[in-house]
Amino acid sequence: MAKCMQMKLFHRHQVSAFFHRAFITSGYRSCHSTATSCLRSAFILTNETINFWTHFVAFVAFSIHLYMLPLDFIHDEFTLPLLTFGISACVYTFTSSIAHLFNCMSECHLQTFFFLDYSAISLYSLGSAIAYNYYSFPTILINTPFHKIFLPTAVIAGILCTIITCASRLTSGFIKTKLMRICGFIIPYAFCHYPLIYRILFCQDELECDPESLSLHIQEIFLTVSSTSLFLSHVPECFSPGTFDIVGNSHQLFHVGVSLSTYRHLMAFMTDMKNRRELLSTILLHPPSFQGTVLPFGFLAASNLVITVTFLILFKRRNYSKLK
């Protein structure tokens with residue numbers, strides 16, 4: 001048993017530069033690991049172990065929470081936006097955990113898993129937009145031309161997110177790659193949060209300014225922005241490379257922060273759904289439906305799959321050209 005829990009780990013200079021992470025100098029697994037050794041590594045302290053567990057535990061927690069909700073997702077269409085958001089949260093945390101666990105099998109596996117990871121994040125942005133559209137939209141903007149194009153535009157933003165972030169993995173240059181990835185993620189996040197920011201700044205009546213709901217939304221924004229700032233700045237490992245390789249680096253803190261922000265997001269949408277249901281049921285020209293929730297979510301999932309396969313083919317062709 002003790003032997004099974006042992007694994008040879010490598011320093012940065014012993015593995016391909018393709019697998020390097022900024023300011024992480026040790027704890028790397030073999031670049032040609034088997035699926036079995038990747039599974040074993042979940043129980044051994046490597047520089048990916050906590051990245052795996054932080055999002056896998058979040059996935060399990062969100063799945064259980066969604067299952068235990070006393071809501072009738074089958075017969076009550078008003079709950080479909082919440083279900084779509086919950087599924088998107090489970091998808092992105094699961095995909096992220098799997099990407100961090102199995103990315104050391106080969107360069108092709110690493111690219112494939114992170115292409116899928118980025119696709120899942122764009123799905124999460126659409127899940128958020130769907131919930132915003134039906135539960136949290138400012139009353140003054142409901143049924144306006146902007147409200148009518150909000151979801152179609154959110155789908156386009158999700159597609160752009162996947163294309164730009166996947167393209168960043170085929171781009172050389174640390175700064176250029178980082179900027180592309182930032183832009184790719186900011187586009188859908190900023191767009192789907194615009195109605196919420198408008199509501200926070202210009203709400204007027206008691207229901208619109210509901211402190212319970214807005215407090216949860218603000219907490220979500222704070223946790224997302226602060227944890228993302230740590231991730232982008234590589235704090236604290238940039239100050240002491242090698243010290244935070246296994247525990248305490250920015251990527252791990254980012255995972256914890258976004259998992260907590262997702263939970264606050266879920267609570268905020270549940271609060272809006274409960275407190276604003278009567279009002280929204282009377283004023284929404286297009287109330288929640290399968291066509292307005294599951295259909296766009298499925299369309300983006302299918303589009304992201306096509307994009308992922310396309311970029312994987314481009315990656316393989318580029319590698320084949322280098323070998324010739």
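Criteria and thresholds
Residues numbered from 1 in each chain as written. Predicted model: local features only at pLDDT ≥ 70, side-chain atom pairs only at ≥ 80, totals over all residues. Heavy atoms only, no water. Helix = DSSP H or I, 4+ residues; strand = E, 2+ residues; numbered from the N terminus. Buried < 20%, exposed > 50% of the residue type's maximum accessible area, 1.4 Å probe, protein only. Expected span 1.5 Å × (residues − 1). Disulfide = S-S within 2.5 Å. Axes fitted to C-alpha atoms, helices over the stretch in contact; angles between N-to-C directions. Parallel < 35°, antiparallel > 145°, perpendicular 65-115°, else oblique. Left-handed = near helix turned anticlockwise from the far one by under 90°. Nonpolar A, V, L, I, M, F, W, Y, C, P; charged D, E, K, R; others polar. Contact = heavy atoms within 4.5 Å. Patch = residues over 30% accessible without salt bridge, like charges linked within 9 Å, V, L, I, M, F, W, Y side chains within 5 Å. Areas by Shrake-Rupley, 256 points an atom, 1.4 Å probe, with all protein chains shown as cover. Salt bridge = Lys/Arg side-chain N within 4 Å of Asp/Glu carboxyl O. Core = buried A, V, L, I, M, F, W, Y, C linked by side-chain atoms within 4.5 Å.

So, unusual backbone geometry
Most peptide bonds adopt trans geometry, and most residues besides glycine take a negative phi value. In this structure, Pro 236 follows Val 235 across a cis peptide bond, with omega equal to 15 degrees. With respect to the element layout, Pro 236 can be found in the loop between helix 7 (211-233) and helix 8 (250-283). Of note, Asn 143 is a non-glycine position whose phi angle comes to about 70 degrees, a positive value. Tracing the chain through its elements places Asn 143 in the loop between helix 4 (107-136) and helix 5 (145-168).

Looking at the environment of Pro 195
Positionally, Pro 195 belongs in helix 6 (residues 174-202). Classification of Pro 195 by relative accessible area gives buried; the value is 1%. Distance from Pro 195 to Asn 133, taken between C-alpha atoms, is 8.5 Å for residues 62 residues apart in sequence.

Overview of helix 2 (residues 49-68)
Here helix 2 spans 28 Å end to end across 20 residues, near enough to the 28 Å set by a 1.5 Å rise per residue. When helix 2 is considered as a whole, its buried residues turn out to be Thr 49, Asn 51, Phe 52, Thr 54, His 55, Ala 58, Phe 62 and Leu 66.

Things to note about the state of the cysteines
In total, this model carries 1 disulfide according to the counting rule given. A sulfur-sulfur distance of 2.2 Å marks the disulfide that ties Cys 203 to Cys 209. The S-S bond linking Cys 203 to Cys 209 shows a torsion near 120 degrees; that makes this disulfide right-handed. Of all cysteine sulfurs, the one in Cys 161 lies closest to Cys 166, which takes part in no disulfide; the gap is 8.5 Å. Since its relative accessible area comes to 0%, Cys 166 is described here as buried.

Focus: the packing of helix 3 (residues 80-102) against helix 4
The relative placement of two packed helices comes down to the angle between their axes together with the axis-to-axis distance. Between helix 3 and helix 4, the shortest axis-to-axis distance is 8 Å and the interhelical angle comes to 165 degrees. On the basis of the axis angle, helix 3 is roughly antiparallel to helix 4. Between helix 3 and helix 4 lies a crossing whose hand is left-handed. Of the residues assigned to the contact of helix 3 with helix 4, the class counts are 21 nonpolar, 8 polar and 1 charged.

Topic: the side chain of His 265
Note on placement: His 265 falls in helix 8. Contact partners of His 265, with chain neighbours within four places excluded, come to Phe 85, Tyr 124, Ser 128, Tyr 132, His 193, His 217 and Glu 220.

Focus: a nonpolar patch on the surface
A cluster of nonpolar side chains, contributed by Val 60, Ile 64, Tyr 67 and Met 68, occupies part of the molecular surface with about 470 Å² of accessible area. Along the chain, Tyr 67 turns up in helix 2.

Observations regarding the nonpolar core
Counting 45 residues, the largest nonpolar core has Leu 82, Leu 126, Ala 129, Tyr 135, Phe 150 and Phe 269 as the members making the most contacts within it. Broken down by element, the residue count for this core peaks at 10 residues, all from helix 4. When sequence neighbours within four positions are dropped, the list of residues in contact with Ala 129 reads Phe 150, Leu 151, Ala 154 and Cys 192. Counting residues in each nonpolar core, the second largest holds 19 residues, with Tyr 28, Ala 42, Cys 104 and Phe 113 among its members.

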